[in-house]
Amino acid sequence: ANLIEGTCRALTDDRVRNSVDRSDLVSEDGKNSKSVLCQRCGSKVLSPGMAVFAEKELILPSMRKKSNLSATEDSVDRDTLTAHWLVGDMFDFENVGFTNDVGRIKYLICADCEIGPIGWHCLDDKIGYYVAIDRVNHA
């Protein structure tokens with residue numbers, strides 16, 4: 001399986017990595033202590049306390065506008081990201097959009113400016129929405 005086929009197994013790796021110090025972002029109970037914002041337009045994606053810090057290796061296409069997110073391109077640039085906000089319910093988001101299904105995957109994008117993907121959701125996992133910490137701002 002490969003990324004283009006959009007299988008959940010091909011995109012995840014549960015190995016835990018040593019993380020950079022994120023004590024200014026993560027509260028004592030492991031939740032986001034600040035609002036999570038779109039890097040491009042500043043739209044609020046998550047309010048404080050709505051997500052839990054999680055380390056999971058995910059491979060996401062490089063950031064671009066939704067109209068340029070094509071899963072059929074073999075030449076899509078990809079990034080491996082390990083630090084995420086794990087959101088348990090899609091209704092916990094303040095503002096997020098989803099791409100069309102790419103195999104068993106939906107990518108998360110900013111609902112206002114449609115930049116992304118900022119995160120990832122596997123359709124086989126009804127309660128797991130991952131937002132890549134490196135692809136959002138915090139305030």
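Now for a quick tour of the structure.

Definitions and limits used
In this numbering scheme, every chain counts its residues from 1 along its sequence in written order. Residues qualify for local features only when their pLDDT is at least 70, as the model is predicted, and side-chain atom pairs are given and counted only at 80 or more; totals for whole chains, interfaces and linings, by contrast, use all residues. The basis for every side-chain value is the complete set of heavy atoms in the structure, and neither hydrogens nor water enter the calculation. Helix and strand assignments follow DSSP, with helices taken as H or I runs no shorter than four residues and strands as E runs no shorter than two, numbered in order from the N terminus. Residue burial is assigned from relative accessible area. The probe radius is 1.4 Å, only protein chains are included, and a residue is buried under 20% of its type maximum, exposed over 50%, and partly exposed in between. Residue contacts are defined here by distance: any two heavy atoms, one from each residue, within 4.5 Å place the two residues in contact. Reported accessibility uses the Shrake-Rupley method at a 1.4 Å probe radius. Residues are deemed covered only where the shown protein chains occlude them. What makes two strands pair is DSSP finding at least two bridges between them. Helix axes are fitted to C-alpha atoms over the stretch in contact, other axes to C-alpha atoms as well, and angles between N-to-C directions run from 0 to 180 degrees. Only the six-membered ring of Trp is used, alongside the rings of Phe and Tyr, when aromatic pairs are assigned; centres must lie within 6.5 Å, and planes under 30 degrees apart are stacked while those over 60 apart are edge-to-face, with the rest tilted.

1. Section: the overall build of the chain
When helices and strands are tallied, the chain shows one helix and twelve strands. When each of the 139 residues of the chain is scored for burial, the buried share is 45%. Partitioning the intrachain contacts of the chain with sequence separation of at least 6 by distance along the chain shows that 59% fall at a separation of at least 24. For the chain, the exposed area adds up to about 7,200 Å²; of that, 45% sits on carbon and sulfur atoms.

2. Points about the sheet that holds strand E3 (residues 44-46)
Taking strand neighbours across the sheet as the criterion, the three strands line up as E3-E2-E12 in an open arrangement whose pairing is antiparallel. The open sheet has two edge strands with one neighbour each: E3 and strand E12 (136-138). The mean angle between the axes of side-by-side strands here comes to 45°, regardless of whether they run parallel or antiparallel. Of the pairings in the sheet, the one linking strand E2 (residues 36-38) to E12 comprises three bridges and is antiparallel in character. Across the sheet, residue Cys38 finds its bridge partner in E12, namely Val136.

3. Observations concerning unusual backbone geometry
Of note, the bond from Gly116 into Pro117 is cis; its omega dihedral lies within 30 degrees of zero at 5°. One can find Pro117 in the loop between strand E9 (115-116) and strand E10 (119-122).

4. Focus on the packing of aromatic side chains
By the definition in use, this model includes four aromatic pairs. Between Phe93 and Tyr129, the aromatic rings sit 6.0 Å apart at their centres with planes inclined by 85°, giving edge-to-face as the arrangement. Taken together, the positions of Phe93 in the loop between strand E6 (78-87) and strand E7 (97-98) and Tyr129 in strand E11 (residues 129-132) put the pair 36 residues apart, joining distant regions of the chain. By the burial criterion, Phe93 is buried, and Tyr129 matches it. Ring geometry for Trp120 and Tyr130: centres 5.9 Å apart, planes at 55°, overall tilted. Remark: Tyr130 occurs in strand E11 and Trp120 occurs in strand E10; sequence separation between them is ten residues. Taking relative accessible area as the criterion, Tyr130 reaches 9% and is therefore assigned buried.

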